[in-house]
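Below, each chain spelled out in residue letters.
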Amino acid sequence: MGYRARQRPQDRKQYQSRPGRIPPAAIEAGGRDRKERGLLTPRQINGGLVFPIGRTRMAAKVFSLNNFYFAIVALYSASLLALTCFHGASRHERKIGICFLTATSIAILAARFRIIVSPILLNPDEALFAAGAMRTTYGWTTWGILDPTTSGPLNSMVLTWPYIFGGDATLFSGRVTATALSVGAIYFLYRLARFLLPPAPSIAAVAPAALFYVIILYPDFTQFSSEHLPVFLICGALYFVAQFMQDRRLASLYFAAIMTGGIPFAKLQGGVWACFICLAIAAACLLERSDTRTNCKRLAVVFAGGVSTAVVLLLPAYLAGHFDDFIKSALIEQYHRLPIVDPNYSAVKFLRSVAPLHRAYLIAGITLAACGVFLVAKYKNARTPPRLLLFLAILAGLSVPIAVITVITPEKAFPHYLQFMIPSIVLLMIAGISVLSFLEQRSRPLWSLSPLLVLVSIVSMLTATKAQYLYLRNVTIRSSQNLSSDLLHSPEILSWLSANRDDSIVCWGWNPKCYLDTNIRPATRDMTNEVQLYDLPLRPYFRERFLRDFDKSSATFLIDFVGPHYFGFNDPSSEGVQSFPELATRLQSEFQSISTASDKTCPAFFVRKSRLKEFYKSRVPFDRIDGPSHPGFPPTAVDDNAVFEECRSFWLLPKNQGGELDIAFVKPSRLRRIGILNTNNGSLHNAAANHVVVSIRNGADILATHVLTVNRYPKWTYVTFPDFHKEADGMTIRIISWHGEGGGLNEVKAFTD
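Criteria and thresholds
- Residues numbered from 1 in each chain as written.
- Predicted model: local features only at pLDDT ≥ 70, side-chain atom pairs only at ≥ 80, totals over all residues.
- Heavy atoms only, no water.
- Core = buried A, V, L, I, M, F, W, Y, C linked by side-chain atoms within 4.5 Å.
- Buried < 20%, exposed > 50% of the residue type's maximum accessible area, 1.4 Å probe, protein only.
- Helix = DSSP H or I, 4+ residues; strand = E, 2+ residues; numbered from the N terminus.
- Contact = heavy atoms within 4.5 Å.
- 1 Å grid on protein atoms, 1.4 Å probe; cavity = no way out; pocket = protein on both sides within 12 Å on 5 of 7 lines; lining within 4 Å.
- Points joined across faces, edges and corners; volume = space filled by probe spheres on them.
- Salt bridge = Lys/Arg side-chain N within 4 Å of Asp/Glu carboxyl O.
- Disulfide = S-S within 2.5 Å.
- Axes fitted to C-alpha atoms, helices over the stretch in contact; angles between N-to-C directions.
- Parallel < 35°, antiparallel > 145°, perpendicular 65-115°, else oblique.
- Left-handed = near helix turned anticlockwise from the far one by under 90°.
- Nonpolar A, V, L, I, M, F, W, Y, C, P; charged D, E, K, R; others polar.
- Phe/Tyr/Trp six-rings, centres within 6.5 Å; stacked < 30°, edge-to-face > 60°.
- Polar contact = N/O pair within 3.5 Å; in protein donor to acceptor, adjacent residues only side chain to side chain.
- Pairing = 2+ DSSP bridges.
- Expected span 1.5 Å × (residues − 1).

Student: So what exactly am I meant to see when it comes to the nonpolar core here?
Tutor: The tendency in soluble globular proteins is for nonpolar side chains to be buried as a group. One finds Phe100, Ile277, Leu494 and Trp496 to be the most contacted residues of the largest nonpolar core, which totals 145 residues. The biggest single contributor to this core is helix 9 (residues 228–247), with 14 residues. Apart from the residues within four sequence positions on either side, Phe100 is in contact with Tyr76, Leu80, Leu83, Ile186, Tyr190, Ile203, Val206 and Ala210. Ranked by size, the runner-up nonpolar core spans 30 residues in total, among them Val638, Leu708, Val710 and Phe721.

So this is what it looks like as structure tokens:
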């Protein structure tokens, strides 16, 4: 994009002022000469508290943040070792469990905190489910409202919780949800282990999963992916199955069934695990010998719980005439995609791609195998092990092929699939340690083994910390200058068009984050347009369905994110909106393209003509825009209507310099409002305006001057003039301090309302 950050001399003078420290003289001054107007240099303006910007400061911030990460890992590892070494009276067992679960929750949240609050998109799919949550405002989320493909509607439903608090679906809310589901999975696995083991061995059994969530920070595991919810449901279902074998309560059986029934609707791929747990539930019922009446009750409870999720989701779809959409989208279309595989895909290499997880699997498998062999060799004619122990041992052994089949079935090397192995790893550890506990009735071997197993788990995970350091450092550098204080609300990047929540938008291609940034509901049930673009047998059906949704919602905006800089689809001629003739016809007759960016790779931006007429009534057109600039980023870019920074659609000042943007209006107008959109320097996130001085003029007379702190991209900053009755023929925007490598702006708009 623009200038890139590089090593600079430590004595280079550049500072970032603290918001709110602008001298009053800068506001009251009126002359055009800088000294006469009382404006201070960037160095002078930082009166009291100053923060030197640049590589030195950034390196210090990265160093401190990563030291914090390493401190969290060290403290958590030490706490696990301490808890597994502690063995006291039974009255302390509950306290040990609470300490473990609390420490795990805090460690996961603290280790991921910098990533959770980062505005950087970790994965193109990360915003997919949050965008789907926005469709829930249309009604109950069935296939007539949302097409979740293989991920199921539950993934979008679980992300609707911010609306309860008056917030929006954002990247932050998705990552918080992913963290909460990870902690919930650990909770269920620990409680499962406690049915057979004391607290310390239980912690040792769950340690590989807990350490994985704390230490591994790769985006596939920290973003909200389609695996977090099904893994949570798998762990919960396994826990309730074991609880049923302990208390024989129908409530436990019902919860096991309802969580199992929800797995395929959270991830179709998880159906393998769901079938496996169904067999486990049946086996658990058979092991509990009872009379016919009791067995019928159990069968009814299992059936009611298992089909409840399907009934809640599919019955409304059937009654509304959308059951055919479910069949075609979730089943037939996915069948047609099976032949589409990566020729370089190798199941063995993929299973070994995340080394810490692979090593944890080997450790858990060896633990169970060794203890099993020891059991057969030493206690061949000994007493019969507890029924739950045998049940979980068999379950753990069978879970290995189940997890592998689940992961490799799609034949795609997506690391987030590997999360389906986590329940199997912990089952193997629980079964292995439980076998040893049965063999040795004395407690001492368990206490000596537990810290050793935890230590092995820690060492296996710590081998990945160098890669985690590099990744966290990259996220820190890219996002440290661009944090938002309002993490649960959308920036509403199209607010300058008076967009509201009654509008709807299509982000054509593969850019669901567009929906989050605009906070405008998707006009169709498709968050991406792969089904309209892939040349598969059902493409005519999906295109016809798209047009139905498009017409029904009367879409207000359409942005075409197909081009060389975008994910998924790069050829505008064969994949852009022009490749869809029926849609192109609607755009030509009912919409108008408003993007005038000089970079032709910028997304095409279409607005419905009726809305555009209202907008032009209050907009003040610009006649001339002048100012210094970095090569390739001219000042005229602030009025090109291209607000997404996937291309060169913004203005940058020369590196490490302030500057002034001079704007002349087509005709004198009475201003009521000015909108300013900051820049990020595209994906580099290393340049943005901080403090600017806005001066409204008429000829040589300065009518008003405002000094303000500009919000970070992509949130607009508005200046209002409620009592301004004079006509202005132009304005200047002087950048007096900036973030990172220099200043710049994306868009500037002026309005008469």
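Student: Sorry if this is basic, but what is going on with the environment of Phe414 here?
Tutor: Mapped onto the secondary structure, Phe414 falls in the loop between helix 16 (387–408) and helix 17 (422–439). When the C-alpha atoms of Phe414 and Phe350 are compared, they prove to be 8.3 Å apart, with 64 residues separating the residues in sequence.

Student: I'm lost on the layout of surface pockets in this one. Help?
Tutor: Reported here for the second largest pocket is a volume of approximately 1,200 Å³. Lining the second largest pocket we find 48 residues, and of these Thr150, Arg337, Lys412, Phe414 and Tyr417 sit closest to its centre. Contributing elements (two or more residues each) for the lining of the second largest pocket: helix 4 (128–134), helix 11 (271–287), helix 13 (323–337) and helix 21 (530–533). Per-element accounting of the lining of the second largest pocket gives the leading share, five residues, to helix 13.

Student: Explain the pattern of salt bridges to me, please; I cannot follow it from the model alone.
Tutor: It is possible for side chains of opposite charge to pair when their charged atoms get near one another. Under the counting rule described, the total for this entry stands at 25 salt bridges. A salt bridge links Glu333 to Arg337; its shortest N-O distance comes to 3.4 Å. Taken together, the residues Glu333 and Arg337, both in helix 13 and four residues apart, mark about one turn of the helix. According to the relative accessible area criterion, Glu333 is buried, its value standing at 1%. With a shortest N-O distance of 2.9 Å, Glu590 and Arg608 are connected by a salt bridge. On the criterion of sequence distance, the pair formed by Glu590 in helix 24 (residues 581–590) and Arg608 in strand 7 (residues 604–608) is long-range, its members being 18 residues apart. The exposure class of Arg608 is buried, given its relative accessible area of 18%.

Student: I tried to follow the state of the cysteines on my own but got confused; where do I start?
Tutor: A covalent bond bridging the sulfur atoms of two cysteines is what the word disulfide describes. By the definition in use, this model includes two disulfides. One disulfide in the model links Cys507 with Cys514; its S-S distance is 2.1 Å. Every disulfide takes its handedness from the sign of the S-S torsion; for Cys507 and Cys514 that torsion is -55 degrees, giving left-handed. Cys514 shares its class with Cys507; the two are buried. Disulfide pairing is shown between Cys602 and Cys647; the S-S distance is 1.8 Å. Judged by the sign of its S-S torsion, about 105 degrees, the bond between Cys602 and Cys647 is right-handed. With Cys602 in the loop between strand 6 (591–593) and strand 7 and Cys647 in the loop between strand 8 (622–626) and strand 9 (651–652), the pair connects residues that are 45 residues apart, well separated along the chain. Of the two residues, Cys602 and Cys647, both sit in the buried class.

Student: What should I look at first to understand the packing of helix 10 (residues 250–262) against helix 11 in this one?
Tutor: The axes of two packed helices give the description: the angle between them and the distance between them. Contact geometry of helix 10 with helix 11 gives a least axis separation of 10 Å together with a crossing angle of 165 degrees. Comparing their axes, helix 11 and helix 10 come out roughly antiparallel. Helix-helix and strand crossings are classified by hand; for helix 10 and helix 11 the assignment is left-handed. Each of Leu253, Ala256, Ala257 and Thr260 in helix 10 lies in contact with helix 11, whose residues at this interface are Ala274, Ile277, Cys278, Ile281 and Cys285. When the residues that make up the contact of helix 10 with helix 11 are grouped by side-chain class, the tally is eight nonpolar, one polar and no charged.

Student: It is not clear to me how the packing of aromatic side chains should be interpreted in this structure. Could you clarify?
Tutor: Given two aromatic rings, one states the distance between the centres and the angle between the planes to describe the pair. Throughout the structure, instances matching the rule amount to 39 aromatic pairs. Ring geometry for Phe188 versus Phe232: centroids 5.4 Å apart, planes at 55 degrees, classification tilted. Of the two residues, Phe188 is situated in helix 6 (residues 171–194) and Phe232 in helix 9; the sequence distance between them amounts to 44 residues. Assessed through its relative accessible area of 10%, Phe188 is described here as buried. A ring pair is formed by Tyr534 and Phe569, whose centres lie 6.0 Å apart and whose planes are at 55 degrees; its orientation type is tilted. Note that Tyr534 is positioned in the loop between helix 21 and helix 22 (539–553) and Phe569 in the loop between strand 5 (557–561) and helix 23 (572–575), a separation of 35 residues in sequence.

Student: Any chance you could explain the side chain of Asn123 here in plain terms?
Tutor: Here Asn123 is to be found in the loop between helix 3 (93–116) and helix 4. Among the polar contacts listed, one links the side chain of Asn123 to the backbone nitrogen of Asp125, at a separation of 2.8 Å.

Student: How should the sheet that holds strand 7 be read in this particular structure?
Tutor: The strands making up a sheet are joined through hydrogen bonds of the backbone, oriented either antiparallel or parallel. The five strands lie next to each other as 4-3-5-7-6, forming an open sheet whose pairing is mixed. Because the sheet does not close on itself, it has two edges, and the strands there are strand 4 (521–522) and strand 6. Where strand 3 (residues 504–509) lies against strand 4, two bridges are found, and the strand directions are parallel. Bridge pairing in strand 4 places Ile505 opposite Pro522. Against the sheet, helix 22 makes contact with strand 3, strand 5 and strand 6, and its axis sits at roughly 150 degrees relative to strand 3, the strand it touches most. In the packing of helix 24 onto the sheet, contacts are made with strand 3, strand 5, strand 6 and strand 7, and the angle to strand 6 comes to roughly 85 degrees.

Student: Where do I start with the packing of helix 13 against helix 22 in this structure?
Tutor: Packing of helix 13 against helix 22 brings their axes to within 12 Å, and their N-to-C directions diverge by 140 degrees. Comparing their axes, helix 22 and helix 13 come out oblique. Seen from above, helix 13 lies across helix 22 with left-handed handedness. Residues Asp324, Asp325, Lys328, Ser329 and Glu333 of helix 13 lie in contact with helix 22, whose contacting residues are Tyr541, Phe542 and Arg545.

Student: Can you walk me through the sheet that holds strand 9 in this structure?
Tutor: Read across the sheet, four strands follow the order 9-16-11-14 without closing on themselves; strand pairing throughout is antiparallel. Sheet topology places strand 9 and strand 14 (716–720) at the edges, where each strand pairs with a single neighbour.

Student: What exactly am I supposed to notice about helix 10 here?
Tutor: Every α-helix carries 3.6 residues per turn, so stepping three or four residues along brings you back to the same face. With 13 residues, helix 10 should cover 18 Å at 1.5 Å per step; its first-to-last C-alpha distance of 18 Å lies within 8% of that length. For helix 10, the set of buried residues is Ser252, Leu253, Ala256, Ala257, Met259, Thr260, Gly261 and Gly262. Buried residues in helix 10 make contact with helix 5 (154–157), helix 6, helix 9, helix 11 and helix 12 (292–319).

Student: Help me out: how do you make sense of helix 9 in this one?
Tutor: Along its 20 residues, helix 9 runs 29 Å from first to last C-alpha, staying within 8% of the 28 Å computed at 1.5 Å per residue. Of all 20 residues that make up helix 9, 18 are buried, and the element is covered over most of its length. Backbone geometry just downstream of helix 9 places Arg248 in the positive-phi region, at approximately 60 degrees.

Student: Mind showing me how you'd approach the pairing of strand 12 (residues 687–698) here?
Tutor: Each regular strand carries side chains that alternate between the two faces of the sheet. Most of strand 12 is tucked away, with 11 of its 12 residues classed as buried. Inspection of the sheet shows strand 12 paired to strand 15 (residues 728–740) by 10 bridges, in the antiparallel sense. Within the sheet, the bridge partner assigned to Val692 lies in strand 15 and is Ile735. Two strands pair when backbone bridges link them, and strand 12 and strand 13 (residues 701–709) are joined in this way by eight bridges, in the antiparallel orientation. Residue pairing for strand 13: Ile696 is matched across the bridge by Ala704.

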